[in-house]
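Take a look at the letters that make up each chain.
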Amino acid sequence: MIMKTKNEIPKINRFRQHKNRSQSLALLILFAVILSACGGGGGSGGSFPTTAIGINDSINGALTASSITAPDGTYVNLYTIELSSPTELTVRVESIEFDTILGLFSGTALSESNLNNWDTYSLAENDDESSESTNSALTIQLTAGKYVIVVNSFDPATGTYTLATAEGGSGLTDSGQSLGKWDTVSVALGDLDSDGDLDMVEGNYFQANIVWLNNGSGTFNNSGQSLGAAETDSVALGDLDGDGDLDLVEGVYGQGNTIWFNDGSANFTDSGQSLGNAATMSVALGDLDGDGDLDLVSGNLYQGNSVWLNNGSGIFTDSGQTLGNWNTVSVALGDLDGDGDLDLAAGNFFDHANTIWLNDGNGTFSDTGQALGSLKTRSVALGDLDADGDLDLVTGEGGQGNTVWRNNGSAIFSDTGQSLDNLETWSVALGDLNGDGHLDLVAGNIAPPPPPEPEPGEANTVWLNEGGGTFINSGQLLGHSDTRSVALGDLDDDGDIDLVTGNNYGQANRVYINSTK
């Protein structure tokens, strides 16, 4: 085929709108198609030069007036990479001078007649979609062959960048297991049978909760137990009675929350306690009054959140506190002000921004008066995201970008300005997924409302922390279930962090094994 000049390039019918990048990415794909149709790398076949890059390699480059000029006026650089065997490849571009777009395309020759179906030929693309970071990254499993990497910017801009490739990434791969087909809304991991690996409890909606035992390699088997039959919305594990094994708290909507004691072999017995009758959506455990046992906070709809104190034997008493009077759907505990006790972050939906409550050390909480976010939070998670020694906050949002809030060390939080995804996130979890020492983020996403039941959900996403609390989208898309809960832990004892997703609408829960190590 004869190479066309940019003025002769045929127009492309765009079958989807992809936020603000749709036009730029269409042009990038067109360049990749023309390049591959002309023979691929090394600049053969015409005026679109490419540069070869290897695996686990990095190149310093620049978008300049000498780069390829796209019809929209932006600049493009093309790179080729050849894989001799199937590889999970991570590609990353970093720049502080312009907002990057990254694309990956097959180097297989294409006919000009296929240009109207350009969307078919995009293997992966990422623009980070974060208002703070200008970097982009993607991870994808590829077969042996030649591929084209495209570096571009949102707006006509010039500047330097670093392009890097690596074998692997956060490396989360579906194990193929389907754990039940119930309406799971919460999952929790812990060693329930004292064999040294992480087992799982799933909390189900209008069905009994299930205990799954791990064989040590990340393969789970149903223990056969059915715990309760109420509307469980949250589960949490901890040693409640001081006997050295993990017990279970079930947060139940509109009925009393329940406590189940473990005999050490993952056999659970109902303690007979019924804690309150609120519409509990979230429960969290921690030593709130400094007496050495685990107490309980319940996040409730339509009424204040409550604090339950443990007598050391797993028997709980209501402290009488009513923390707020909003629709709390997620609670998390951590030392937010550095005074050695556990404080509370409450994620609220419908009617109030998220709130921060400080503990006086005796289990009594006071509202800091902060109002974080804009009424659409479904999940909160705490962790030191910027490596400054205090706990920061991530909020999972419904129908808008997930947010990152930086702690100044005294429990005063400021919005970093990042907006991670624009999906219906129901659950967020933090953990070091790629082994670089920083806490990364997994977002569990549901179907956009209103969901025809059962409705495939949005894919779950993985965001990698650059080390200062700035996140880039890894490009991974994990499943398309209606995910209501995500939990992280080393399931196969190989030293890296794996993932469990709890899925609703009768969709099986899934296990993703990390191959980073």
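Focus on the overall build of the protein
Right, on to step 1. From N to C terminus, the protein includes one helix and 38 strands.
Right, on to step 2. Counting all 517 residues of the protein, 57% fall into the buried class.
Right, on to step 3. Accessible area of the protein: about 19,100 Å², with a carbon and sulfur share of 47%.

A look at unusual backbone geometry
Right, on to step 1. Even without being a glycine, Ala 411 presents a positive backbone phi close to 70°.
Right, on to step 2. Tracing the backbone through its elements, the reader meets Ala 411 in the loop between β30 (403-407) and β31 (413-415).
Right, on to step 3. Ala 411 gets classed as buried once you look at its relative accessible area, which sits at 0%.
Right, on to step 4. With a phi close to 75°, Asp 421 is a non-glycine residue in the positive phi region.
Right, on to step 5. Counting through the fold element by element, Asp 421 comes out in the loop between β31 and β32 (425-431).
Right, on to step 6. What makes Asp 421 buried here is its relative accessible area of 7%.

Details of the pattern of salt bridges
Right, on to step 1. One pass over the structure, following the stated rule, counts four salt bridges.
Right, on to step 2. As a salt-bridge pair, Asp 482 and Arg 484 come within 2.6 Å of each other at their nearest N and O atoms.
Right, on to step 3. For Arg 484, a relative accessible area of 11% gives the class buried.

Points about the sheet that holds strand β15 (residues 220-227)
Right, on to step 1. The four strands are arranged β12-β13-β14-β15 in an open sheet whose pairing can be described as antiparallel. Two strands in the sheet have a free side with no partner beyond their single neighbour: β12 (184-190) and β15. For this sheet, the mean inter-axis angle between neighbouring strands, taken without regard to orientation, is 20°.
Right, on to step 2. Taken together, the three bridges between strand β13 (residues 199-204) and strand β14 (residues 209-214) define a ladder with antiparallel strand orientation. Considered in β14, the bridge of Val 201 is made with Val 211.

Details of the pairing of strand β24 (residues 328-334)
Right, on to step 1. Along β24, seven of the seven residues are buried, which leaves the element largely enclosed by surrounding structure.
Right, on to step 2. Here β24 pairs with strand β25 (residues 343-348) via six bridges, running antiparallel. Within β25, the residue paired with Ala 332 across the bridge is Ala 345.

Considering the nonpolar core
Right, on to step 1. Among the nonpolar cores identified, the biggest contains 22 residues, and Tyr 79, Ile 149, Tyr 161 and Leu 163 are the most heavily contacted of them.
Right, on to step 2. Every element with two or more residues in this core is listed here: β2 (58-63), β4 (75-83), β5 (87-94), β6 (100-106), β8 (136-142), β9 (145-153) and β10 (159-167).
Right, on to step 3. Broken down by element, this core gets its largest block of residues, four residues, from β4.
Right, on to step 4. Apart from the residues lying within four places of it in its own chain, the contact partners of Tyr 79 are Thr 51, Ile 53, Ile 59, Gly 61, Tyr 147, Val 148, Ile 149, Val 151, Tyr 161 and Leu 163.
Right, on to step 5. Ranked by size, the runner-up nonpolar core spans 13 residues in total, among them Leu 433, Val 442, Leu 464 and Tyr 512.

Description of the sheet that holds strand β29 (residues 392-397)
The strands making up a sheet are joined through hydrogen bonds of the backbone, oriented either antiparallel or parallel.
Right, on to step 1. Taken in spatial order, the four strands of this open sheet run β28-β29-β30-β31, and their pairing is antiparallel. Two strands in the sheet have a free side with no partner beyond their single neighbour: β28 (377-383) and β31. Averaged over neighbouring strand pairs, the angle between their axes works out to 25° when direction is ignored.

Observations concerning the environment of Asp 384
Right, on to step 1. Following the sequence through the fold, Asp 384 ends up in the loop between β28 and β29.
Right, on to step 2. Residues Asp 384 and Asn 407, spaced 23 residues apart in sequence, show a C-alpha to C-alpha distance of 8.8 Å.
Right, on to step 3. Apart from the residues within four sequence positions on either side, Asp 384 is in contact with Gly 389, Asp 390, Leu 391, Asp 392 and Leu 439.
Right, on to step 4. At 3.0 Å, the side chain of Asp 384 and the backbone nitrogen of Ala 387 are in polar contact.
Right, on to step 5. Polar side-chain contacts of Asp 384 include one of 2.9 Å to the backbone nitrogen of Gly 389.

Section: the environment of Ser 153
Right, on to step 1. Tracing the backbone shows Ser 153 in strand β9.
Right, on to step 2. Here the alpha-carbon distance between Ser 153 and Leu 63, two residues 90 residues apart in the chain, equals 8.5 Å.
Right, on to step 3. A polar contact is formed between the side chain of Ser 153 and the backbone oxygen of Asp 155, at a distance of 2.6 Å.

About the criteria used
- Residues numbered from 1 in each chain as written.
- Predicted model: local features only at pLDDT ≥ 70, side-chain atom pairs only at ≥ 80, totals over all residues.
- Heavy atoms only, no water.
- Helix = DSSP H or I, 4+ residues; strand = E, 2+ residues; numbered from the N terminus.
- Buried < 20%, exposed > 50% of the residue type's maximum accessible area, 1.4 Å probe, protein only.
- Areas by Shrake-Rupley, 256 points an atom, 1.4 Å probe, with all protein chains shown as cover.
- Salt bridge = Lys/Arg side-chain N within 4 Å of Asp/Glu carboxyl O.
- Pairing = 2+ DSSP bridges.
- Axes fitted to C-alpha atoms, helices over the stretch in contact; angles between N-to-C directions.
- Core = buried A, V, L, I, M, F, W, Y, C linked by side-chain atoms within 4.5 Å.
- Contact = heavy atoms within 4.5 Å.
- Polar contact = N/O pair within 3.5 Å; in protein donor to acceptor, adjacent residues only side chain to side chain.

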